[in-house]
Amino acid sequence: MYERERLDLVDKLSERGIDDIYVLKAIGEVERHKFVPKAMRHHAYNDVALPIGYSQTISQPYTVAFMTQSLKLKPNAKVLEIGTGSGYQAAILFKMGMQVFSIERQFEIYNHTRKLFDHLGIRVNTKYGDGTIGWDEYAPFDGIIVTAGSPTIPQVFKTQLAAGGRLVIPVGDKVSQTLKIVTKIEDQEFSVQDVPEFSFVPLIGREGWNQK
Ligand code: SAH
């Protein structure tokens, strides 16, 4: 279902500058309509964020593609996602052959998406809890992708990153953020690239925004 729409979306993302063929291939394969509420299905292949309930959203396909491409992961890399949400971003990473670890703080969303992964045969290691403290047991990660907007870059993500790894995290206020692409060169040495004008729901937790 929706094959034509999916390929049109791939073309659109490629026109907008996404040039990682593995990312484009994954977008062409993952059925985004299965990650959105039924009533939203007919919008699933538009390049827009959509509501998934509990004031949360499934990120815009361009944003998912851009963040994924920015991680520059090699196949089989270990990647940590903060904010499982609909599961779409995690599914893209899984489809690209990554080992995916994903944390969600909203219990109903966590439960729903865990079941969806099982149903679709998507093997993602999920965890319910506050992702702003990372996932120490499985660190270090080759990539860390934060899919909610943070007031700062929590130090723990830099610590849990492997040398040569990348962290992508939107940093700003609650309305708009700059995407920070942080590369860990060596233990205490990082380089940061800024990409302006993104808009994510807030990252809520000990090292994020401090409210419900
Ligand atoms: N990656 C998701 C985007 C979901 S929106 C997707 O592909 O659909 C961001 C998600 O981050 C929301 O589900 C929200 O509940 C979650 N979130 C916010 N703060 C969090 C935290 N501290 N730890 C884990 N998840 C968090």
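Preceding this section is the structure that the text describes.
Computed from a predicted structure; not experimentally measured. (Residues numbered from 1 in each chain as written. Predicted model: local features only at pLDDT ≥ 70, side-chain atom pairs only at ≥ 80, totals over all residues. Heavy atoms only, no water.)

K.L.:
What exactly am I supposed to notice about the pattern of salt bridges here?
P.N.:
Pairing is possible between side chains of opposite charge, provided their charged atoms come close. Throughout the structure, instances matching the rule amount to six salt bridges. The partner of Glu-29 in a salt bridge is Lys-25, and the shortest N-O contact between them spans 3.4 Å. One end of the pair is Glu-29 and the other is Lys-25, both in helix H2 (residues 21–29) and four residues apart, which spans about a single turn. Taking relative accessible area as the criterion, Lys-25 reaches 52% and is therefore assigned exposed. Across the pair Arg-206 and Glu-207 runs a salt bridge, and its minimum N-O distance is 3.3 Å. (Salt bridge = Lys/Arg side-chain N within 4 Å of Asp/Glu carboxyl O. Helix = DSSP H or I, 4+ residues; strand = E, 2+ residues; numbered from the N terminus. Buried < 20%, exposed > 50% of the residue type's maximum accessible area, 1.4 Å probe, protein only.)

K.L.:
Whenever I open this one, the pairing of strand S3 (residues 78–82) confuses me. Can you help?
P.N.:
Looking down a regular strand, the side chains alternate between one sheet face and the other. Of all the five residues making up S3, five are buried; the element is thus mostly covered by neighbouring parts of the structure. By the alternation rule, side chains of S3 split into Lys-78, Leu-80 and Ile-82 and Val-79 and Glu-81, which are all buried. Across five bridges, the pairing between S3 and strand S4 (residues 99–104) is parallel. Its bridge partner being in S4, Lys-78 is matched across the sheet by Gln-99. Handedness of the crossover joining S3 and S4 through helix H4 (residues 88–95) is recorded here as right-handed. Across four bridges, S3 lies against strand S6 (residues 141–146) in parallel orientation. Its bridge partner being in S6, Glu-81 is matched across the sheet by Ile-145. (Pairing = 2+ DSSP bridges. Right-handed = clockwise from strand over helix to strand, strands pointing away.)

K.L.:
How do you make sense of the sheet that holds S6 when you look at a structure like this?
P.N.:
What holds strands together in a sheet is hydrogen bonding between their backbones, with the strands either parallel or antiparallel. Read from one edge to the other, the open sheet built from seven strands follows the order S5-S4-S3-S6-S7-S8-S9, with strand pairing classed as mixed. Only two strands of the sheet have a single neighbouring strand rather than two, namely strand S5 (125–128) and strand S9 (189–198). If you compare each strand with its neighbour and ignore which way they point, the axes differ by 15 degrees on average. Sheet contacts for helix H5 (residues 107–120): S4 and S5; angle to S5, the most-contacted strand, approximately 165 degrees. (Axes fitted to C-alpha atoms, helices over the stretch in contact; angles between N-to-C directions. Contact = heavy atoms within 4.5 Å.)

K.L.:
Explain the packing of helix H1 (residues 3–15) against H2 here, please?
P.N.:
Any two packed helices are characterised by how steeply their axes cross, that is the angle between the axes, and by the distance between the axes. Between H1 and H2, the shortest axis-to-axis distance is 8 Å and the interhelical angle comes to 155 degrees. Taken together, H1 and H2 sit at an angle that is classed as roughly antiparallel. You can see that H1 and H2 cross each other, and the crossing is right-handed. Residues Arg-6, Leu-9, Val-10, Leu-13 and Ser-14 of H1 form the contact with H2, whose own contacting residues are Leu-24, Ile-27, Gly-28 and Glu-29. Per-class residue counts for the contact of H1 with H2 are five nonpolar, two polar and two charged. (Parallel < 35°, antiparallel > 145°, perpendicular 65-115°, else oblique. Left-handed = near helix turned anticlockwise from the far one by under 90°. Nonpolar A, V, L, I, M, F, W, Y, C, P; charged D, E, K, R; others polar.)

K.L.:
What's the story with the layout of surface pockets in this structure? I'm lost.
P.N.:
Summary: where empty space remains is shown by rolling a probe the size of a single water molecule over the atoms. Considered as a void within the structure, the largest pocket measures approximately 560 Å³ in volume. If you go around the largest pocket, you meet 37 residues; those closest to its centre are Thr-57, Thr-147, Ala-148, Phe-200 and Val-201. For the lining of the largest pocket, the secondary-structure elements that each account for two or more residues are strand S2 (56–58), helix H3 (61–71), S3, H4, S4 and S9. In the lining of the largest pocket, the residues fall into 16 nonpolar, 16 polar and five charged. Of the voids in this model, the second largest pocket is the one considered here, and its volume is about 300 Å³. Lys-34, Phe-35, Val-36, Pro-37 and His-112 are the residues nearest the centre of the second largest pocket, which is lined by 17 residues in total. Residue composition of the lining of the second largest pocket, grouped by class: eight nonpolar, five polar and four charged. (1 Å grid on protein atoms, 1.4 Å probe; cavity = no way out; pocket = protein on both sides within 12 Å on 5 of 7 lines; lining within 4 Å. Points joined across faces, edges and corners; volume = space filled by probe spheres on them.)

K.L.:
Looking at this structure, I do not really get H3. What am I missing?
P.N.:
Because each turn of an α-helix spans 3.6 residues, side chains separated by three or four positions end up pointing in the same direction. For H3, the buried fraction is high: eleven of the eleven residues fall into the buried class. Listing the buried residues of H3 in full gives Pro-61, Tyr-62, Thr-63, Val-64, Ala-65, Phe-66, Met-67, Thr-68, Gln-69, Ser-70 and Leu-71. Following H3 by one or two positions, Lys-72 adopts a phi angle in the positive range, close to 45 degrees.

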